[in-house]
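Observations on the model geometry
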Amino acid sequence: MDKELLKIENLTIGFPTKSGIHTVVDHVNLEVGKGEIVGIVGESGSGKSMTSLAVMGLLSEEAQVSEGSIRLNGQELLGMSREERRKIQGRNMSMIFQEPMTSLNPVMKIGTQVGESLKLHTDLDKETIRKRVIETLASVGLRNPETLIDQYPHEISGGMRQRVMIAMAIINHPDLIIADEPTTALDVTVQAQILNLLKKIHRDTGSSILFISHDLNIVHFISDEIIVMYAGEIVERGTARDIFYHQQHPYTWALLQSVPRIDDEDKTILNTIEGNIPDMIYPPKGCSFCTRCPYAMKICEEEKPKVTHITDEHSVACWLMDPRADRSGVPFGRTDA
Ligand code: SF4
């Protein structure tokens with residue numbers, strides 16, 4: 001897979017507080033290839049949304065990017081002026097947000113909002129833009145697009161609003177679509193429709209997708225590669241198959257146990273992950289998952305785990321991968337795929 005589209009290196013983001021810097025993204029490295037779907041999964045506070053906001057240039061003013069690089073098609077995005085960023089947003093990359101009602105402008109007609117990026121980034125005339133908006137709304141499965149363009153967001157359902165958001169994101173054929181929890185606010189049936197729609201868009205247009213979610217089932221359904229984040233760090237990465245069937249990190253395993261699996265016939269009770277993400281103003285000396293990990297060892301409190309490469313694609317940061325670690329009783333790392 002060509003890895004040239006998006007390359008993030010050593011990205012580190014913090015927020016200044018009275019007690020010190022609250023680090024939310026800590027030396028994150030990731031790549032999205034052309035035509036690839038990469039999923040980032042983790043609880044709230046894991047740093048996944050902050051990473052995607054940094055790519056889009058939408059971090060709040062208080063956020064401090066202390067280190068790192070974000071390149072799209074080889075072009076460095078960090079340090080760009082607002083004007084330069086605006087040229088890239090909507091043309092080369094676009095974002096689908098979690099809650100369309102708060103992302104869409106309630107007093108602007110749907111047609112105007114969907115066509116905005118064409119107005120900003122192309123020389124198309126009004127009539128051509130209108131035609132493209134109608135075509136795009138139809139392509140995301142919205143009926144009667146000729147009527148819809150003159151309606152306001154509050155006049156349509158949540159599922160339709162999310163389709164409108166997707167139409168906005170794809171109308172200018174961006175290289176990269178960032179989808180941040182795009183199905184969280186929707187019921188299960190609409191959720192499945194939206195996921196299938198994103199897959200179809202990916203197949204039809206070849207756009208790459210960076211898909212953010214707390215739900216490992218959903219990320220597995222849509223992604224080629226999955227990155228698991230915890231407390232601002234990447235703790236495991238691999239192909240969707242590696243992470244879903246051969247996960248090696250206790251946090252990945254805990255995430256998997258906390259979502260329903262349709263292929264798991266014996267399991268009826270879902271687990272929760274006890275405890276909270278640590279206070280990252282005072283980050284732990286060793287593994288960030290230490291206080292919540294049932295397999296924590298002495299060394300986990302004292303030293304950050306090193307990254308172990310199981311294959312070229314699958315890597316994990318956990319002391320259990322050390323040959324000296326006792327893995328008896330560790331139930332994960334399934335081989336039943
Ligand atoms: Fe658990 Fe230790 Fe692995 Fe961290 S390094 S996930 S504490 S076993």
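In this text the structure is predicted, and so the values were computed from the model without any measurement.

Calculation rules
- Residues numbered from 1 in each chain as written.
- Predicted model: local features only at pLDDT ≥ 70, side-chain atom pairs only at ≥ 80, totals over all residues.
- Heavy atoms only, no water.
- Phe/Tyr/Trp six-rings, centres within 6.5 Å; stacked < 30°, edge-to-face > 60°.
- Helix = DSSP H or I, 4+ residues; strand = E, 2+ residues; numbered from the N terminus.
- Buried < 20%, exposed > 50% of the residue type's maximum accessible area, 1.4 Å probe, protein only.
- Lys NZ or Arg CZ within 6 Å of the ring centre and 35° of its normal.
- Disulfide = S-S within 2.5 Å.
- Near = heavy atom within 4 Å.
- 1 Å grid on protein atoms, 1.4 Å probe; cavity = no way out; pocket = protein on both sides within 12 Å on 5 of 7 lines; lining within 4 Å.
- Sits in = over half its atoms within 2 Å of the grid points.
- Nonpolar A, V, L, I, M, F, W, Y, C, P; charged D, E, K, R; others polar.
- Pairing = 2+ DSSP bridges.

1. Here's the deal with the packing of aromatic side chains
Enumeration according to the criterion identifies 4 aromatic pairs in this entry. Summarising the aromatic geometry, the rings of Y230 and F289 are spaced 5.0 Å apart at their centres and angled 80° between planes, so their arrangement reads as edge-to-face. Here Y230 is found in strand β9 (residues 225-230), whereas its partner F289 is found in the loop between α11 (250-257) and α12 (298-302), with 59 residues between them in sequence. The buried category is assigned to Y230, whose relative accessible area is 0%. For the ring pair Y251 and F289, a centre distance of 5.2 Å and an interplane angle of 65° mean the geometry is edge-to-face. Of the two residues, Y251 is situated in helix α11 and F289 in the loop between α11 and α12; the sequence distance between them amounts to 38 residues. Of the two residues examined, Y251 and F289, each falls in the buried class. One aromatic cluster in this structure is built from Y230, Y251 and F289. The residue whose ring lies beneath K199 is F221, and the NZ or CZ to ring-centre distance is 4.4 Å.

2. Some thoughts on the state of the cysteines
What the rule picks out here adds up to 0 disulfides. Looking at the unpaired C290, the closest cysteine sulfur is the one in C300, lying at 5.4 Å.

3. Observations concerning the site of the ligand
In the region of the ligand, 13 residues are neighbours, and C287, C293, C300, C318 and W319 sit closest. Judged by its atoms lying within 2 Å of the grid points, the ligand is housed in the largest cavity. When the residues that make up the shell around the ligand are grouped by side-chain class, the tally is 12 nonpolar, 1 polar and no charged.

4. Here we look at the pairing of strand β6 (residues 93-96)
Because side chains alternate across β6, one face comprises the buried residues M93 and M95, and the other comprises S94 and I96, equally buried. The pairing of β6 with strand β7 (residues 176-180) spans 4 bridges and is classified as parallel. Bridge pairing links M95 to I178 in β7.

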